[in-house]
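Examining the three-dimensional arrangement
Each chain, letter by letter, is given below.
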Amino acid sequence: MTTITNEGNTRRSLQQQFLGMPTADGDGVKLTRIIGSPQINFLDPFLLLDCFESEDANDYIGGFPAHPHRGFETVTYLLNGRMRHKDNAGHEGLIESGGVQWMTAAKGIIHSEMPEQEAGLLKGFQLWVNLPASAKMGAPKYQEFPPQSTPLECHDNGTEIRVISGTTNQGTVGPVVNHHTYPTFLDVSLPADTEFEQSLPTAHNAFIYVIEGDIRVIADADDSVDASNNQLMAKKLGVLTQGDELVITSGQKGTRFLLIAGQPLHEPIARGGPFVMNTKAEVLQAFADFNQGNF
Ligand code: CO
């Protein structure tokens, strides 16, 4: 295969790969922590990525009962199943397969996310996206899109791209708007031995999480990255180098993966459970405000 790069463009390559860590959160929901683990604590502006996947209701039925957040955004994206979201501001919505809820917690929200099913496969992701200091104490906001509002771009070669945020190379624009970190969030399915290209802002941090199958990240021919290290298998997180072009090929079984990128904030991060601020004092203030019923 010949790969041609326009002069001046830089291909991204696979920098590091990680296997998630099994854990539990909420009321005993079994999940895999992919970002936010001891191995990769954060990938600015992304603070956490969890994958939950089970056909056994005992693994998820407890859901995520009421809990607070401050200082960032939580994104729930479902591949299978249904979850109901409710919060203390009276907001309620059902998140379904192919749909997304992008919640800007900002100065504070108390919400619950509970499975709207008692059996069958529940599979999806939660991503935490940081907010800059200037927006951490802003008003909470929701961007909620059912599956029919998240465009599915289909190519003649069988490629399917569910566009949550950002713009594909063919110009499909995702519905989620974010003027803090300008995220790209694509759910990409490729048939066997298929090439996929996506432009990304050069300085954005980007990662791939392989849901099924395997991929290769095709870097420039003269790139110093060893070509034998460019393969990413299912259930692995691949952190990409910086650059403005990404070229991926699928393996013999085809693949499905998330491609997520965002503008790094380059700010100090102070974590305290469900609060992510810039300083420890701000985290302690968040606990005080929550305990005093000020959320
Ligand atoms: Co939450």
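This text goes with the structure placed above it.
Nothing here was measured: the structure is a model prediction, and the numbers come from that model. (Residues numbered from 1 in each chain as written. Predicted model: local features only at pLDDT ≥ 70, side-chain atom pairs only at ≥ 80, totals over all residues. Heavy atoms only, no water.)

Protein coordination at the cobalt ion comes from His-67 (NE2), His-69 (NE2) and His-111 (NE2), with a distance range of 2.0 to 2.1 Å. All donors to the cobalt ion come from one chain, and their sequence spacing reads H-x1-H-x41-H. Neither His-67 nor His-69 differs from the other in exposure class; each is buried. (Donors = N, O, S within 2.8 Å, 3.2 Å for Na, K, Ca; no water. Buried < 20%, exposed > 50% of the residue type's maximum accessible area, 1.4 Å probe, protein only.)

This paragraph deals with the packing of aromatic side chains. Applying the stated criterion across every chain, the model contains 10 aromatic pairs. When the ring of Phe-72 is compared with that of Trp-128, the centres are 4.4 Å apart and the planes differ by 35°; the resulting orientation is tilted. Taken as a pair, Phe-72 in strand 6 (residues 72-80) and Trp-128 in strand 11 (residues 122-130) lie far apart in primary sequence, 56 residues in all. When sorted by exposure, Phe-72 lands in the same class as Trp-128, which is buried. A ring pair is formed by Tyr-77 and Phe-185, whose centres lie 5.4 Å apart and whose planes are at 70°; its orientation type is edge-to-face. Separated by 108 residues along the polypeptide, Tyr-77 in strand 6 and Phe-185 in strand 15 (residues 184-190) bring together distant segments of the chain. Each member of the pair Tyr-77 and Phe-185 is classed as buried. (Phe/Tyr/Trp six-rings, centres within 6.5 Å; stacked < 30°, edge-to-face > 60°. Helix = DSSP H or I, 4+ residues; strand = E, 2+ residues; numbered from the N terminus.)

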